[in-house]
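Here is what each chain is made of, one letter per residue.
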Amino acid sequence: MAVELAKGVYWVGVVDWGLRVFHGHELSTHRGSTYNSYLIMDEKIVLVDTVWGPFKDELINNICEIVDPAKIDIVVANHAEVDHSGGLPAVMERVPQATLVVSERGRESIEGHYHKPWNFKTVKTGDKINIGKRDLIFVEAPMLHWPDSMFTYLTGDNILMPNDAFGQHYASSKRFNDEVDMEEVYQEALKYYANILTPFSPLVTRKINEVLALNLPVNMIAPSHGIIWRKDPLQIVRKYQEWAAQKPENSAVILYDTMWDGTHQMAEAIGQGLVAENIPFKMYNMAVSDRNDTVTEIFKTRAIIIGSPTFNQGVLPTIRPIMEDLKGLKFQNKIGAAFGCYGWSGESVGILEDHLKQCKINVVAPGVKAKWQPKENDLVQCRALGQKIAQAIKTGI
Amino acid sequence: MAKYRCTVCGYEYDPAQGDPENGVAPGTPFEKLPANWVCPVCGAEKDQFEKID
């Protein structure tokens, strides 16, 4: 069902209540999502972004509530990822002559996805297209979060459509931030930032400063997932500035997996050491914990303490996925340490420490290894490790 | 001449190849790239590159 944002500007997207995994199975989406598409009725009729392919019929039906899709003049594809471009073939089939507005790199990626000779028009930052009473202004936002990413701004109603930036995987029967539980929305906005945008944080800061310098009035920020920021729309921009600075809280996260509970006992003892120094922590067994929720906690925290028993002269395979995130997400301002049990060869702690260093996580204390099941003396060392980490957090090392 | 890697997207600038599509001749060291040169893949600026050892 179409929803009016401003006179002649409509949300024609889709709510996906059932979505629980995204990017194939890479990202958990416990609260579903929405694919937001916007229809602008002016002298020219404009569609900004579409929806994921399986929902294309719903998109077309929503557009039909307002106008015959065959009358669309301009389609803007801010980003080629299929959750936003999947509806393009269905739309372009109905209006093959429509102008398809993309960034230069967007043309390459849209062509790479759909292999169609559509009527492309490439735009650069600052380019303007008059659509009647209003203009569309474009701002390229490369690597926020693909090379093609672009923001579209609608003058007159002052609506910024930044595609994935400022979005959240959050299904709702409501469309605006003043109508929903904002605690839930912020949890999802942070999870989105932590899991997708963290490695591009320096670019986030630059892009926000660049957009703010344009001095465009912003009445609404209408992203491509989740709710639309209508009440104090710049609140999410300020949040992004804060998140991009990656200033962690004084806390720790313990990540581990365990075979016969020895490494788990070590994890508990490290936690006791942290608590003794008044540093709060959270602990995750990575064999059974949601990877993406854990990434959100890692994003917030200062210290990452990671443990695995030695397994086939390496680490348990179940700890590997989160190690890949530690590397790929390029967290800043983190400290860390490693721990684990072993029976004979005992490589795991060294592998974990090397990995932390490779991820530019500052290893502030040597790891603790325990042979077979940890003895009291091993647990004493684990508590001491927790305390050392706590002291490093407090002294700002 | 050293190669440089874009820390944003992973593109490698190889001075031997240059970036002819964007007017940079083969043999141009990274340090001699024009100030307004950006990563041809993702648009990151020069200061986002790191030297490959």
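Only a predicted model underlies this, so the values are computations on that prediction, with no experimental measurement involved.

Side note on the packing of aromatic side chains
Applying the stated criterion across every chain yields a total of 18 aromatic pairs over all chains. Ring pairing ties together the aromatic residues Tyr4(B), Tyr11(B), Tyr13(B), Phe30(B), Trp37(B) and Phe49(B), which thus form one cluster. Of note, Arg175(A) hangs over the ring of Trp11(A), and the distance from its end group to the ring centre comes to 4.3 Å.

Quick word on the nonpolar core
Residues and elements named next belong to chain A. Among the nonpolar cores identified, the biggest contains 102 residues, and Leu100, Ile110, Tyr240 and Ile306 are the most heavily contacted of them. In this view, Ile306 contacts Leu255, Ile319, Ile322, Met323, Leu326, Ala337, Ala338, Phe339, Leu352 and Leu356; residues no more than four positions away in its chain are not counted. The next biggest cluster of nonpolar side chains, apart from the first, holds 26 residues, and it includes Val15, Val76, Phe138 and Ile159.

Thoughts on the confidence of the model for chain B
Residues and elements named next belong to chain B. Per-chain confidence: chain B averages 92 in pLDDT, with 100% of residues scoring 70 or above. Here strand E3 (residues 49–51) stands out as the element of chain B with the lowest mean pLDDT, 94, in contrast to strand E2 (residues 12–13), whose mean of 96 is the highest. With pTM at 0.95, the complex prediction returns an ipTM value of 0.76.

Re the pairing of strand E11 (residues 119–123) of chain A
All names here are of chain A. Of the strand pairs in this sheet, strand E10 (residues 99–103) and E11 are connected by 5 bridges, and their pairing is parallel. Residue pairing for E11: Leu100 is matched across the bridge by Phe120. Running through helix H4 (residues 104–114), the crossover from E10 to the neighbouring parallel element E11 is right-handed.

A word on the interface of chain B and chain A
Note: interface size is frequently given as the accessible area lost on complex formation between the parts. Between chain B and chain A, the residue contacts involve 12 residues of the former and 10 residues of the latter. By the criterion of area lost to chain A, the three top residues of chain B are Val8(B), Cys42(B) and Gln48(B), representing 49% of everything that side buries. Counting the contacts that link chain B with chain A gives 3 salt bridges. Linking chain B to chain A there are 5 residue pairs in polar contact (both at pLDDT 80 or more).

Some details on the pattern of salt bridges
All names here are of chain A. All told, the structure shown has 21 salt bridges over all chains when counted by the stated rule. Glu26 is the salt-bridge partner of Arg291, the closest N and O atoms lying 2.9 Å from each other. Residue Arg291 is found in helix H9 (residues 291–300), and its partner Glu26 is found in the loop between strand E4 (21–22) and strand E5 (27–28); the two are separated by 265 residues along the sequence. Arg107 serves as the salt-bridge partner of Glu111, at 3.2 Å between the closest nitrogen and oxygen.

Re the sheet that holds E10(A)
All names here are of chain A. With respect to topology, 7 strands assemble into an open sheet ordered E1-E2-E7-E8-E9-E10-E11, the strand pairing being mixed. The open sheet has two free edges, formed respectively by strand E1 (3–6) and E11, since each of these has just one partner strand. Between one strand axis and the next, the sheet turns by 25° as a mean value, whatever way the strands run. Here 4 bridges tie strand E7 (residues 38–41) to strand E8 (residues 45–48), and the two strands are oriented antiparallel to one another. Among the inter-strand pairings, Ile40 is bridged to a residue of E8, identified as Val46. On the sheet, H4 packs against E10 and E11 and is oriented at approximately 115° with respect to E10.

Comments concerning the sheet that holds strand E15 (residues 159–161) of chain A
Residues and elements named next belong to chain A. Strand order across the open sheet formed by 5 strands is E12-E13-E14-E15-E16, with mixed pairing between neighbours. Strands with a single pairing partner mark the edges of an open sheet, and in this sheet they are strand E12 (128–130) and strand E16 (220–221). Two elements, E15 and E16, share 2 bridges in a ladder whose sense is parallel. Note on E16: the bridge partner recorded for Ile159 is Met220. Against the sheet, helix H6 (residues 201–213) touches strand E13 (135–140) and strand E14 (150–154), its axis set at about 150° to E13.

With respect to the environment of Met1(A)
All names here are of chain A. Examined against the element boundaries, Met1 turns out to sit in the segment before E1. Sequence spacing of Met1 and Met266 is 265 residues, and the spatial spacing of their C-alpha atoms is 54 Å. Each residue touching Met1, except ones within four places of it in the same chain, is listed here: Trp11, Asn62 and Glu65.

Reading guide: rules and limits
Residues numbered from 1 in each chain as written. Chains lettered and ligands numbered in written order. Predicted model: local features only at pLDDT ≥ 70, side-chain atom pairs only at ≥ 80, totals over all residues. Heavy atoms only, no water. Phe/Tyr/Trp six-rings, centres within 6.5 Å; stacked < 30°, edge-to-face > 60°. Lys NZ or Arg CZ within 6 Å of the ring centre and 35° of its normal. Core = buried A, V, L, I, M, F, W, Y, C linked by side-chain atoms within 4.5 Å. Buried < 20%, exposed > 50% of the residue type's maximum accessible area, 1.4 Å probe, protein only. Contact = heavy atoms within 4.5 Å. pLDDT = per-residue confidence, 0-100. Helix = DSSP H or I, 4+ residues; strand = E, 2+ residues; numbered from the N terminus. Pairing = 2+ DSSP bridges. Right-handed = clockwise from strand over helix to strand, strands pointing away. Buried area = accessible area lost by both parts, 1.4 Å probe. Salt bridge = Lys/Arg side-chain N within 4 Å of Asp/Glu carboxyl O. Polar contact = N/O pair within 3.5 Å; in protein donor to acceptor, adjacent residues only side chain to side chain. Axes fitted to C-alpha atoms, helices over the stretch in contact; angles between N-to-C directions.

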